[in-house]
Amino acid sequence: MKLLSITELETLAKQSKEVCVSIFLPTCHAGSDTQQNPIRFRNLIREAEERLIEHGWRTEDAKNLLESVRELDKYEFWQQQSHGLAIFRSQDFLRYYSLPVDFPELVNVSNHFYLKPLLPLFQSDGHFYILALSHNLIRLLEGTHHHIQEIDLTDVLPTLAEVLRFEEPERQTTSHTGTPGAAGGRRAAPNGVTVFHGHGAGDEDEKENLSIYFHRVNEALQELLKAEHAPLVLAGVEYLLPIYREANTYPYLMDVGITGNPELLSPEELHAQAWKIVEPLFFQAQQEAINQYRQLLGTGKASSQIKETIPAAYQGRVDKLIVALNQQQWGTFDSGSQRVEVHFNAQPDDEELLDFAATQTILNGGIVYAVESADMPDDTPLAAVFRY
C-alpha cells in the first residue's frame, strides 16, 4: 500500500489501457462492523467482473484480471484500513490505498482510472498533515475535514542513535545510547521509535542533538511529502516547536501549532485541534475561487459549460476548477479535434467528463475544489476559472 501523493495521482492518471478497473469502498476500521468490509469487498469484485463481461471480456479473463485484487482479502489486509479503500487494476498495473475519506461504493470500468473520489485529498476538503513531536515518539498523521489516520513511518525515519552515530566522537560521548535512567542518554524502543532522555528544555546539548535529529526528520518528510501542497501542523511541547521550525524546509508548515505533549492526545483529539488551525485556510481559498469565478463569468475567463471547459483543462488553461463531487457527466472527448460529446446516460467507450476535467486540471498545475452539489456556485456540475 502506497502513500497517495500528487505524483501517485499523476501515475494513475497516465494509465491508459484497454480496460482500467477502479473500485471504491467505504471501510470500517474499528468494532464489529469491520466484519462487513470483506463481504462488501467481494460484492464489488463480482460487480467489476460483470462490468468487464459487459465490455466484451470472457468470464475467465475477467476473473483472471481481478485475481490479484481478490488475493488482497486477508486478515492482515483488513487490519490496515482507514475510512475508505481505493483499488486500481489494469492488465499490468495494481495500486491500492487506505485513505481518510468516506468513499461511496463504486465500480468503474473504462480505458482510464476514475479518480474524482480522490480529489478531496488534493487541495480541497481540508487535506492536511500533523507532525506530532515528543521525547518518546514522532508521529505523522494525515487528515481531512472529517477523518484522521496515522501514517506508518517504519523505515522512513532514522532513530536518533543512527543520526548521531556519524557525529564527532566527543558528541557521541555526550549523546550515547543508554538506559531509560541515564541522563542525556538515548535508546531505541523495541518498535524502532527514538526515545529521548535528557535534562529538558534548558539543556543546550540536548537542543543541539534535537536540532541535528530534526534536520534528518525534515529530510525524510521532504522525500515522503514531495510535490504535496497540504498544510502541515506541528504538535509538541512548546520548546520543541521552534527547534523543528529551524530545521524545516517543507513550504506549507503552518505558523500556528498545537502546544502540549501529543502523547497524551488521541488522533481524534489532535485532529480537532488541528482543524481549528487549518479550516480558515481552506474555507478562504475555496471561497476566493468561487468569488473569482463569479466576477469573471461573461468575460471569457470563466465558464460553467462542459464543452468549453473540457478542452481548456486538457490544454492546461484551467487555473481553478470547482467540480461537483457527487455528480457524473458521461460523454467523449477527442483530443485531436477537441470535440466534446455529452450523453445523458453512459454509452460504450464513454468517460466521466467531470473526472477528466478535474484530473487534467491537477496534472497541468491547476487547483481543484471538489464540493457537494449544494456548494456549487451555479446549478451546474462544474465551474472553471481560466488562466487565459
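It should be emphasised that the depicted structure is a prediction, and the values quoted were computed from it without experimental measurement.

Caption draft 1: Region of the structure containing helix H1 (residues 6–13). Among all positions of H1, only Ile6, Glu8, Leu9 and Leu12 are buried. Buried residues of H1 fall within an arc of 155° about the axis and therefore sit on the same side.

Caption draft 2: Highlighting the pairing of strand S14 (residues 330–334). As defined by bridge partners, S14 adjoins strand S15 (residues 339–343) across 5 bridges and the pair is classed as antiparallel. Looking at S15, one finds that Thr332 is bridged to Glu341. Bridging between S14 and strand S16 (residues 351–352) involves 2 bridges; their strand directions are antiparallel. Directly across from Gly331, in S16, lies its bridge partner Glu351.

Caption draft 3: Structural context of the packing of aromatic side chains. Scanning all chains against the criterion turns up 14 aromatic pairs. Ring geometry for Trp275 versus Phe282: centroids 6.2 Å apart, planes at 10°, classification stacked. For Trp275, a relative accessible area of 12% puts it in the buried group. Three or more aromatic residues joined by ring pairs make a cluster, and in this case those are Phe24, Phe88, Phe93, Tyr97, Phe103, Phe113 and Tyr114.

Caption draft 4: Focus on the pattern of salt bridges. In this structure the tally under the stated criterion is 16 salt bridges. A salt bridge links Lys320 to Asp319, with the nearest nitrogen and oxygen atoms 2.8 Å apart. Its salt-bridge partner being Asp319, residue Arg387 comes within 3.8 Å of it at the nearest N-O pair. Of the two residues, Arg387 sits in the segment after strand S18 (382–386) while Asp319 sits in strand S13 (residues 318–324), which places them 68 residues apart along the sequence. Judged by its relative accessible area of 31%, Arg387 falls in the partly exposed class. One network of salt bridges, in which partners are shared, links Glu49, Lys63, Glu67 and Arg70.

Caption draft 5: Summary view of the nonpolar core. Grouped together as the largest cluster of nonpolar side chains are 40 residues, with contacts concentrated most on Leu12, Phe24, Phe88, Leu118, Ile310 and Leu321. Broken down by element, the residue count for this core peaks at 6 residues, all from helix H12 (residues 353–363). Setting aside chain neighbours within four positions, we find Leu321 in contact with Thr309, Ala357, Ala358, Thr361, Ile367, Val368, Tyr369, Leu382, Ala383 and Ala384. Among the nonpolar cores identified, the runner-up in size contains 26 residues, and Leu140, Tyr213, Leu225 and Tyr244 belong to it.

Caption draft 6: A look at the packing of H1 against H12. Where H1 meets H12, the closest approach of the two axes is 10 Å, and the angle between their N-to-C directions is 130°. Taken together, the axes of H1 and H12 lie oblique to each other. In the packing of H1 onto H12, the handedness of the crossing is left-handed. Across the interface between the two elements, Ile6, Leu9, Glu10 and Ala13 from H1 touch Thr359, Ile362 and Leu363 from H12.

Caption draft 7: View of the sheet that holds S16. Taken in spatial order, the 3 strands line up as S15-S14-S16 in an open sheet, and their pairing is antiparallel. Looking at strand neighbours, the two that pair on one side only are S15 and S16, the edges of this open sheet. Together, S14 and S15 form the strand contacts of helix H11 (residues 306–315), whose direction differs from that of S15 by roughly 130°.

Caption draft 8: Representation of H11 in the model. Those residues of H11 that fall on the buried side of the exposure criterion are Ile306, Thr309, Ile310, Pro311, Ala312 and Ala313. Phi for Gly316, located one or two positions after H11, is positive at around 85°.

Caption draft 9: Representation of the sheet that holds strand S2 (residues 84–90) within the structure. What the 4 strands build is an open sheet, ordered S3-S2-S1-S4; its pairing is antiparallel. The sheet is open, and its two edges are formed by strand S3 (93–99) and strand S4 (106–112), each paired on a single side. The average angle at which neighbouring strand axes cross in this sheet is 15°, direction not considered. Pairing geometry for S2 and S3, over 7 bridges, is antiparallel.

Caption draft 10: The arrangement of the packing of helix H8 (residues 204–224) against helix H9 (residues 240–247) in detail. It is at 8 Å that the axes of H8 and H9 come closest, and there the two elements cross at 55°. On the basis of the axis angle, H8 is oblique to H9. Where H8 crosses over H9, the two elements pack in a sense that is right-handed. Only Leu240, Ile243, Tyr244, Glu246 and Ala247 of H9 make contact with H8, whose side of the interface consists of Lys207, Leu210, Ser211, Phe214, His215, Val217, Asn218 and Leu221. Here the residues of the contact of H8 with H9 sort into 8 nonpolar, 3 polar and 2 charged.

Caption draft 11: Inspection of the side chain of Ser303 at higher detail. On the secondary structure map, Ser303 appears in strand S12 (residues 302–303). At a separation of 3.0 Å, a polar atom in the side chain of Ser303 contacts the main-chain amide nitrogen of Gln305. Residues in contact with Ser303, not counting those within four places in the same chain, are Tyr293, Leu297, Glu308, Thr309, Leu382, Ala383, Ala384 and Phe386.

Conventions and cut-offs
- All residue numbers here refer to positions counted from 1 along the written sequence of the relevant chain.
- Totals for whole chains, interfaces and linings use all residues, but because this is a predicted model, local features are given only for residues with pLDDT of at least 70 and pairs of side-chain atoms are given and counted only at 80 or more.
- The side-chain quantities take in all heavy atoms of the structure and omit both hydrogens and water.
- Accessibility here uses a 1.4 Å probe with only protein chains present; expressed as a share of the type maximum, an area under 20% marks a residue as buried, one over 50% as exposed, and anything in between as partly exposed.
- Starting at the N terminus, helices and strands are each numbered in turn, a helix being any DSSP run of H or I of at least four residues and a strand any DSSP run of E of at least two.
- Directions pointing from the helix axis toward each C-beta atom define the arc.
- Paired strands are those between which DSSP finds at least two bridges.
- Side-chain rings of Phe, Tyr and Trp, where Trp is taken by its six-membered ring, are said to pair if the distance between their centres is within 6.5 Å; with planes under 30 degrees apart they count as stacked, over 60 as edge-to-face, and otherwise as tilted.
- Whenever Lys or Arg places a side-chain nitrogen within 4 Å of a carboxyl oxygen from Asp or Glu, that contact is recorded as a salt bridge.
- Among buried residues, those of type Ala, Val, Leu, Ile, Met, Phe, Trp, Tyr and Cys that are joined through side-chain atoms within 4.5 Å constitute a nonpolar core.
- In this description, contact between two residues means that some pair of their heavy atoms is separated by no more than 4.5 Å.
- Lines fitted to the C-alpha atoms define the axes, with helices restricted to the stretch that makes contact. Angles between their N-to-C directions range from 0 to 180 degrees.
- The labels follow the angle: roughly parallel below 35 degrees, roughly antiparallel above 145, roughly perpendicular from 65 to 115, and oblique for the rest.
- For any helix crossing, the convention is left-handed if the near helix is rotated counterclockwise from the far helix by under a right angle, and right-handed if that rotation is clockwise.
- The nonpolar class holds Ala, Val, Leu, Ile, Met, Phe, Trp, Tyr, Cys and Pro. Asp, Glu, Lys and Arg form the charged class, and all remaining residues, Gly among them, are polar.
- Counting of polar contacts relies on pairs of N or O atoms within 3.5 Å, with two restrictions inside protein: one atom must be capable of donating a hydrogen and the other of accepting it, and residues adjacent in sequence are counted only when both atoms are side-chain atoms.

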